[in-house]
Amino acid sequence: MKIGTDLGKAKALLEEGKLVAIPTETVYGLAANALNEDAVLRIFKAKNRPTFDPLIIHAASLEQVRPLLRDVPSLAERLFNHFAPGPLTILLPRTHQIPDLVTAGLGTVALRIPRHPLTLELLKTLDFPLAAPSANPFGYVSPTRPDHVAAQLEEQVSYILDGGPAEVGLESTIVQITSEDKMHVLRKGGLPIENLEALGPVKVFQHSTSNPRAPGMLKSHYAPRKPLKLGYLDELLAGHPNQRVGVLAFKRTIPEIPAAQQRILSPEGDLAEAARNLFAAIRSLDTLDIDLILAEWVPEKGLGRAINDRLRRASAE
């Protein structure tokens, strides 16, 4: 397996039905030809992902995939015009040219136009969209750098397209458009809810535990191998005085914990920086010789809502 920036090689492998890890501004994706059922099945096998969990398809533009869609609501057009390319995924009515395996049999497909120059350039050269969930074993922390992919899926991926560290670091926000032209957010992500509210009313749904309507809606997800407890750090530390712990803090350090066992998401309290650092920090703590990771809530605003969502699910039993 190779890591590099050879777009021609990535294109050829995808056309052969192979798996290629691609960079996006959110996280790295494990990509295959979304119209090739055998190729899509390789994604599920590589990730050990249940087939009832639908995938997101990636395209260079809405026009590129319009023939695969039954309808594009006017509000969806407006959302794509405002926020694409970017960390936004919209559920759209699909034709049967998109295999049921991609959508878990649902009548909608999740579409995203990623904001990464290398992947956008690749998508423009392809005659098909790419199905691409995060490039990690199912349920584990999402990868934000090419070496994260290599460390976990080395034998499963034919090529890793190296686009450097992910700019956003959180998966996309997933939106469903209702028949009343309202926005339902099914997954909080890299596009803040406040941005969506500028275009109309938004209802935010919590994750489900089974039969998800969209990718990334399961209760337990994004979890490290070591147990992670979430709450207020002072209370958590008091409750685990004798355990070897790692600390995941928003912006402060804990004097009584060794510095090597702490990861600070943003010393300046910047939520965008915290989002960018979140998954790498959890991964780093997960490699330490500790028994437990203690994490604290971040402010519940802007990208903080999505960060707290990921922490909540990383801590789920």
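Residues numbered from 1 in each chain as written. Predicted model: local features only at pLDDT ≥ 70, side-chain atom pairs only at ≥ 80, totals over all residues. Heavy atoms only, no water.

Student: Explain the environment of V175 here, please?
Tutor: Within the secondary structure, V175 sits in strand 9 (residues 173-177). V175 sits 73 residues away from V102 along the chain, and the two C-alpha atoms are 17 Å apart. Sequence-distant contacts of V175, that is, excluding residues within four places in its chain, are made with L79, L88, T89, I90, L91, M183, H184, V185 and L196. (Helix = DSSP H or I, 4+ residues; strand = E, 2+ residues; numbered from the N terminus. Contact = heavy atoms within 4.5 Å.)

Student: Sorry, what's going on with the pattern of salt bridges here?
Tutor: Pairing between side chains becomes possible if they bear opposite charge and their charged atoms approach one another. Under the defined criterion, the tally for this structure stands at 16 salt bridges. In this structure, the salt-bridge partner of E77 is R66, at a minimum N-O distance of 2.9 Å. One end of the pair, E77, is in helix 4 (residues 74-83); the other, R66, is in the loop between helix 3 (62-65) and helix 4, and 11 residues separate them in sequence. Overall, the relative accessible area of 24% leaves E77 in the partly exposed class. (Salt bridge = Lys/Arg side-chain N within 4 Å of Asp/Glu carboxyl O. Buried < 20%, exposed > 50% of the residue type's maximum accessible area, 1.4 Å probe, protein only.)

Student: Hey, could you run me through the sheet that holds strand 14 (residues 262-264) in this one?
Tutor: By definition, the strands of a sheet pair up through backbone hydrogen bonds, in either a parallel or an antiparallel sense. Strand order across the open sheet formed by 4 strands is 12-15-13-14, with parallel pairing between neighbours. Because the sheet does not close on itself, it has two edges, and the strands there are strand 12 (228-231) and strand 14. Neighbour-to-neighbour, the strand axes of this sheet turn through a mean angle of 15°, independent of strand direction. Judged from the 3 bridges that link them, strand 13 (residues 245-249) and strand 14 form a sheet pairing that is parallel. (Pairing = 2+ DSSP bridges. Axes fitted to C-alpha atoms, helices over the stretch in contact; angles between N-to-C directions.)

Student: Is there a simple way to think about the sheet that holds strand 9 in this case?
Tutor: Across the sheet, which stays open at both edges, the 11 strands sit in the order 1-8-2-3-7-4-6-5-9-10-11 with mixed pairing between neighbours. Edge positions in the sheet fall to strand 1 (2-4) and strand 11 (202-204), since each of these pairs with one other strand and no more. Bridge analysis of strand 5 (residues 88-93) against strand 6 (residues 108-112) gives 5 bridges, and the strand direction is antiparallel. Across the sheet, residue L92 finds its bridge partner in strand 6, namely V109.

Student: Help me understand unusual backbone geometry in this model?
Tutor: Most peptide bonds adopt trans geometry, and most residues besides glycine take a negative phi value. Cis geometry marks the peptide bond from A84 to P85; its omega dihedral reads -5°. With respect to the helices, strands and loops of the structure, P85 is situated in the loop between helix 4 and strand 5. In the Ramachandran plot, A104 falls in the positive-phi region, its phi being about 55° despite a non-glycine side chain. Look at A104 and you get partly exposed, because its relative accessible area is 30%.

Student: Help me understand the environment of I282 in this model?
Tutor: Residue placement: I282 occurs in helix 10 (residues 271-286). With relative accessibility at 2%, the residue I282 sits in the buried group. When the C-alpha positions of I282 and H184 are compared, they lie 29 Å apart, and in sequence the two are 98 residues distant. In this structure I282 touches V141, P224, L248, I293 and L311, once residues within four positions along its chain are discounted.

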